[in-house]
Amino acid sequence: MKLKIFITALSLAFVSANALTQDIPTATESKPTGEAGIDYNLSDSGGEKQGVWIRVYADGSLYYVGSFNSGKPEGQFLYFFETGELMSKIEHPSSSNSTAQTSAIHYRKNSSVQSSGFYISTDDQEKPARDGSWGYYDEGSKQIKQETYSAGLLNGPYWIKTKEGSLVEEGGFANGKLDGLKTTYYDTGTVRQKINYIADVLEGDFQVFYISGIPKIEGNYIEGKENLIWKTYQEDGVLEQITHYSYGNRVKEIRVNGSFEETFADGRSKEEYTYRN
């Protein structure tokens, strides 16, 4: 069952922009005909909402329309901006399946898709929580970001792209915190940085690269502090400097190649040294 839900979540996150923006209704055409309290907005003898219900803004324009079954939302709900454009399309599961996810597509006023994903209801949260894969889109409804949630917390892989489709950043979360390898990229597609985290704290290997792909900095973190041997390189790949750290404290520095400048506390140049291996 979990596998089926996960596959469904991915399918919504990756659905094409054209599919998300097809047949977008307006508030005018979605408002039910008849009279409130007679044809819609009805409750049963126990005071539970039944059938089609609407809410309106102060000026009478439609805010939402949807159906209830014994007081619980069921099926499609449409939410609108005060000016009449579709704001959100929410698909609730049947009232007999309280554990199922609620799918959602959120729109901008220009009808472009802003985000899409799933919600679930949790006992410890008043509002539904994001769950599974969520996609985020630019003004042209092209996906530029994806996140993974578990009961409202970021939990799983994410990525960010440019409007042109180039990968900018990718990584993962665990229980709402950065966890594992985070990789960032230059516009050319080459790797800019590789950074490792455990629960939002830098931990393990740390690498920075030139746009050519040649390493610029290599080091290691422990509990968010520089540790062990750090190396810096020149753009041609030649080793520039080696620095030894112990839990954030600089123990030893070895200058191998290049020019190094020492400054006074106010930033003024003090001395310059050139080293050649």
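Residues numbered from 1 in each chain as written. Predicted model: local features only at pLDDT ≥ 70, side-chain atom pairs only at ≥ 80, totals over all residues. Heavy atoms only, no water.

Draft legend 1. The environment of K182, seen in detail. Of note, K182 is situated in strand β14 (residues 180–185). Between the C-alpha atoms of K182 and G171, which are 11 residues apart in sequence, the distance is 4.2 Å. Excluding its chain neighbours within four sequence positions, the residues that come into contact with K182 are Y158, E169, E170, G171, Q193, K194, I195 and Y197. (Helix = DSSP H or I, 4+ residues; strand = E, 2+ residues; numbered from the N terminus. Contact = heavy atoms within 4.5 Å.)

Draft legend 2. Looking closely at the nonpolar core. Ranked by size, the top nonpolar core spans 22 residues in total, and within it F77, W134 and F206 carry the most contacts. Mapped by element, the contributors of at least two residues to this core are β3 (62–69), β4 (72–80), β8 (129–137), β15 (191–198) and β16 (201–209). Counting 12 residues, the second-largest nonpolar core is a separate cluster that includes L62, V65, L78 and L86. (Core = buried A, V, L, I, M, F, W, Y, C linked by side-chain atoms within 4.5 Å. Buried < 20%, exposed > 50% of the residue type's maximum accessible area, 1.4 Å probe, protein only.)

Draft legend 3. A look at the layout of surface pockets. Size it by volume and the largest pocket reaches roughly 600 Å³. For the largest pocket, the lining is made up of 25 residues, of which P73, I90, H92, T102 and P128 are closest to its centre. Of all the secondary-structure elements, those providing two or more residues to the lining of the largest pocket are β3, β4, β5 (86–92), β6 (102–107) and β7 (113–120). (1 Å grid on protein atoms, 1.4 Å probe; cavity = no way out; pocket = protein on both sides within 12 Å on 5 of 7 lines; lining within 4 Å. Points joined across faces, edges and corners; volume = space filled by probe spheres on them.)

Draft legend 4. Local environment of the packing of aromatic side chains. In the structure shown here, the tally under the stated rule is 12 aromatic pairs. Aromatic side chains Y63 and Y79 sit 5.5 Å apart centroid to centroid with 75 degrees between the ring planes, which places their arrangement in the edge-to-face category. In this pair, Y63 sits in strand β3 while Y79 sits in strand β4, placing the two residues 16 residues apart along the sequence. When the centroid spacing of 5.5 Å and the interplanar angle of 80 degrees are considered together, the rings of F206 and Y221 count as edge-to-face. Taken together, the residues span a long stretch of sequence, with F206 in strand β16 and Y221 in strand β17 (residues 215–222) at a distance of 15 residues. Each member of the pair, F206 together with Y221, is buried. Here the aromatic residues Y57, Y63, Y64, F68, F77 and Y79 are joined through ring pairs into a cluster of three or more. Just above the ring of W53 sits the side chain of K49; from NZ or CZ to the centre is 4.7 Å. (Phe/Tyr/Trp six-rings, centres within 6.5 Å; stacked < 30°, edge-to-face > 60°. Lys NZ or Arg CZ within 6 Å of the ring centre and 35° of its normal.)

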